[in-house]
Amino acid sequence: MGIFRKKSIQDLINQAEKKDVTLKKELGAFDLSMLGIGAIVGTGIFVLTGVAAAEHAGPALILSFILSGLVCIFAALCYAEFASTVPVSGSAYTYSYATFGEFIAWILGWDLILEYGFASASVASGWSGYFQGLLAGFGIHFPKAISSAFNPANGTYVDVPAIFITFVITFLLTRGVKHSARFNATMVIIKLTVVIIFLAVGAWYVKPDNWTPFMPFGFSGVASGAATAFYAYIGFDAVSTAAEEVKNPQRNMPIGIIASLVVCTILYVAVSAVLTGIVPYQLLDVKNPVSFALSYIHQDWAAGFISLGAIAGITTVLTVMVYGQTRLFYAISRDGLLPKVFSKVDKKKQTPVVNSWITCLLVSIFSGLIPLGKLAELTNIGTLFAFMSVSIGILYLRKTQGAPKRGFRVPFVPWIPLIAFLSCGYLVLQLPALTWISFFIWLIIGLVIYFSYGRKHSVLN
């Protein structure tokens, strides 16, 4: 028994329903699709496309996005079955508790804390950069000392705009999930409009000559482009952290997860085709490739819109990441592996208010003080790990529980879960050694916390 004790699926569902104050069920399929698109279309499309084209894939970035998208769709099908079978907060952490037992669930939960925490921090930093760029256009400048993360050599000590946006988002999240979903949907519509403006304006300036050579770095470039572009798809798993706040999760969770992924893959492929068609790929190594491309074709009026869309885009990513982090803390704490304060739900607002403010402080410290050069890779390794465990978890679930009677089923089992597992494994191996070392240090800290606190306080104990 010990560290591999499990919770049955029925126990997990009963536990979610029996608390005196539960999370409020208010979300439908549209809200979930918007949450997914909110989490996926952001930093990836507005920031990463340029670097991935210039350094890794060239015009074949289109193939990189298709490759990452396929890997994610296979993993998403596995998520969709789990989310409709086990409609409980906590995403991959909760699913592993039902399939592999407490110890593996804790490792995964700890790994997801890394993913959401660092993703939130790096996104808040990106928001700060775009926001300061927009203000600079009006001649407003922040004092240098408070404009960026701690780097005395550069004269910067704390990134105040990054901390500010984290507090604003947290305030919104504590108001209740419906308020947050409405705000998120408005921002998603703004950013989708901006992406469509870019495609509509840019399509007229595409020069097919820019697409040759199509694959300047060979297939290995396409593969490492896919490993980088993968960061752009992180977020659909955040949809599954909302499970307990969804009306009719058996139907709505799979629709939300799969619809958001399909829409985003189509957008990414279209944007990378137009981007590399307008600007020779060698010139795209910039922080704001989309607005840079519009300035390149002298459409400066549209470049301003893009900055606005990028801010809206990055705001929704931050909203969903902080939301995912709080629901993850909530689920782990409810199982006793973290202190009970994280699973306290406010009676009136039906949201975990204290947990949200603790999360806000942690993200503020990371985003305000730590320069975030390597965080995309750390976030990637955390996510790929989670995807691999969910994919294998489906095989285990089918073996012990059989195919689900209702809700969504992954087609072609065992092939799709196996393809998802192997393709995520392939992308993990493309990540640099330093990322692996940082990841192992994080895991060791997690093991110390589990054996000194979690194991003793576990509800199953």
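Residues numbered from 1 in each chain as written. Predicted model: local features only at pLDDT ≥ 70, side-chain atom pairs only at ≥ 80, totals over all residues. Heavy atoms only, no water.

1. A word on the overall build of the protein
- Scanning the protein from terminus to terminus reveals 17 helices and 0 strands.
- Its C-alpha atoms give the protein a radius of gyration of 21 Å, near enough to 23 Å, the size a compact globule of 461 residues would have.
- Here the protein holds 461 residues, and the buried ones make up 59% of them.
- Counted over contacts in the protein with a minimum sequence separation of 6, partners at least 24 positions apart contribute 83%.
- Of the roughly 17,800 Å² of accessible surface on the protein, 70% is carried by carbon and sulfur atoms.
- A distance of 8 Å separates the average location of the 31 positive side-chain charges in the protein from that of its 20 negative side-chain charges. (Helix = DSSP H or I, 4+ residues; strand = E, 2+ residues; numbered from the N terminus. Rg over C-alpha atoms; globule rule 2.2 N^0.38 Å. Buried < 20%, exposed > 50% of the residue type's maximum accessible area, 1.4 Å probe, protein only. Contact = heavy atoms within 4.5 Å. Areas by Shrake-Rupley, 256 points an atom, 1.4 Å probe, with all protein chains shown as cover. Lys, Arg positive; Asp, Glu negative; His and termini not counted. Charge placed at Lys NZ, Arg CZ, Asp CG, Glu CD.)

2. A look at the pattern of salt bridges
- The tally for this structure, following the rule as stated, stands at 6 salt bridges.
- One salt bridge connects E244 with R334, and the closest N-O pair in it is separated by 2.9 Å. Linking E244 in the loop between α10 (236-240) and α11 (249-278) with R334 in helix α13 (residues 300-334), this pair joins segments that are 90 residues apart in sequence. Summarising the burial analysis for this pair, E244 and R334 share the class buried.
- With a closest N to O distance of 3.0 Å, E245 and R327 form a salt bridge. Of this pair, E245 sits in the loop between α10 and α11 while R327 sits in helix α13, and the two are 82 residues apart along the sequence. The pair E245 / R327 is uniform in exposure class, with both members buried. (Salt bridge = Lys/Arg side-chain N within 4 Å of Asp/Glu carboxyl O.)

3. Here's the deal with the environment of I45
- By the element assignment, I45 lies in helix α3 (residues 43-57).
- Along the primary structure I45 and V274 are separated by 229 residues, whereas in three dimensions their C-alpha atoms are 12 Å apart.

4. Here's the deal with unusual backbone geometry
- Cis peptide bonds are those with omega within 30 degrees of zero, and the linkage from T212 to P213 qualifies with -5°.
- Structurally, the position occupied by P213 is in the loop between α8 (177-202) and α9 (218-229).
- Here V413 and P414 are connected by a cis peptide whose omega angle stands at 10°.
- The residue F412 is not glycine, and still its phi comes out positive at about 50°.
- Inspection of the secondary structure assignment puts F412 in the loop between α15 (375-401) and α16 (415-429).

5. Description of a nonpolar patch on the surface
- A cluster of nonpolar side chains, contributed by L63, I66, L70, F214, M215, F219 and Y426, occupies part of the molecular surface with about 600 Å² of accessible area.
- Looking at the nonpolar patch, the element that brings in the most residues is helix α4 (residues 61-85), giving 3 residues.
- By secondary structure assignment, the location of L63 is in helix α4.
- Residue L63 is classed as partly exposed on the basis of its relative accessible area, which comes to 32%. (Patch = residues over 30% accessible without salt bridge, like charges linked within 9 Å, V, L, I, M, F, W, Y side chains within 5 Å.)

6. Some thoughts on helix α5 (residues 91-99)
- Of all the 9 residues making up α5, 9 are buried; the element is thus mostly covered by neighbouring parts of the structure.
- Every buried residue belonging to α5 is among S91, A92, Y93, T94, Y95, S96, Y97, A98 and T99, and all of these are buried.
- Downstream of α5 by a residue or two, G101 has a phi angle that is positive, lying close to 100°.

7. Quick word on the environment of C72
- Along the chain, the position of C72 falls in helix α4.
- Owing to a relative accessible area of 0%, C72 belongs among the buried residues under this scheme.
- Sequence separation between C72 and I332 is 260 residues, and the spatial gap between their C-alpha atoms is 25 Å.

8. Examining the nonpolar core
- Judged by nonpolar contacts, the single largest core of 136 residues is most densely connected at L27, F46, Y79, Y93, F198 and F236.
- The leading source of residues in this core is α13, at 16 residues.
- Dropping the residues within four chain positions of it, Y79 is found in contact with S91, A92, Y95, F236, D237, S240, I257, A386, F387 and V390. (Core = buried A, V, L, I, M, F, W, Y, C linked by side-chain atoms within 4.5 Å.)

9. Thoughts on the side chain of T316
- Structurally, the position occupied by T316 is in helix α13.
- Its relative accessible area of 0% is what places T316 among the buried residues.
- Look past the residues within four positions of T316 in its chain and what remains in contact with it is G38, V41, N184, M187, V188 and K191.

10. Focus on the side chain of N184
- Topologically, N184 is positioned in helix α8.
- The class for N184 is buried, based on a relative accessible area of 1%.

11. A word on the packing of helix α2 (residues 29-40) against α8
- Between α2 and α8, the shortest axis-to-axis distance is 9 Å and the interhelical angle comes to 60°. Our classification of the angle between α2 and α8 gives oblique. The hand of the α2/α8 crossing is left-handed. Facing α2, whose interface residues are D31, M34, L35, I37 and G38, α8 presents K178, A181, N184, A185, V188, I189, K191 and L192.
- Class assignment of the residues belonging to the contact of α2 with α8 gives a composition of 8 nonpolar, 2 polar and 3 charged. (Axes fitted to C-alpha atoms, helices over the stretch in contact; angles between N-to-C directions. Parallel < 35°, antiparallel > 145°, perpendicular 65-115°, else oblique. Left-handed = near helix turned anticlockwise from the far one by under 90°. Nonpolar A, V, L, I, M, F, W, Y, C, P; charged D, E, K, R; others polar.)

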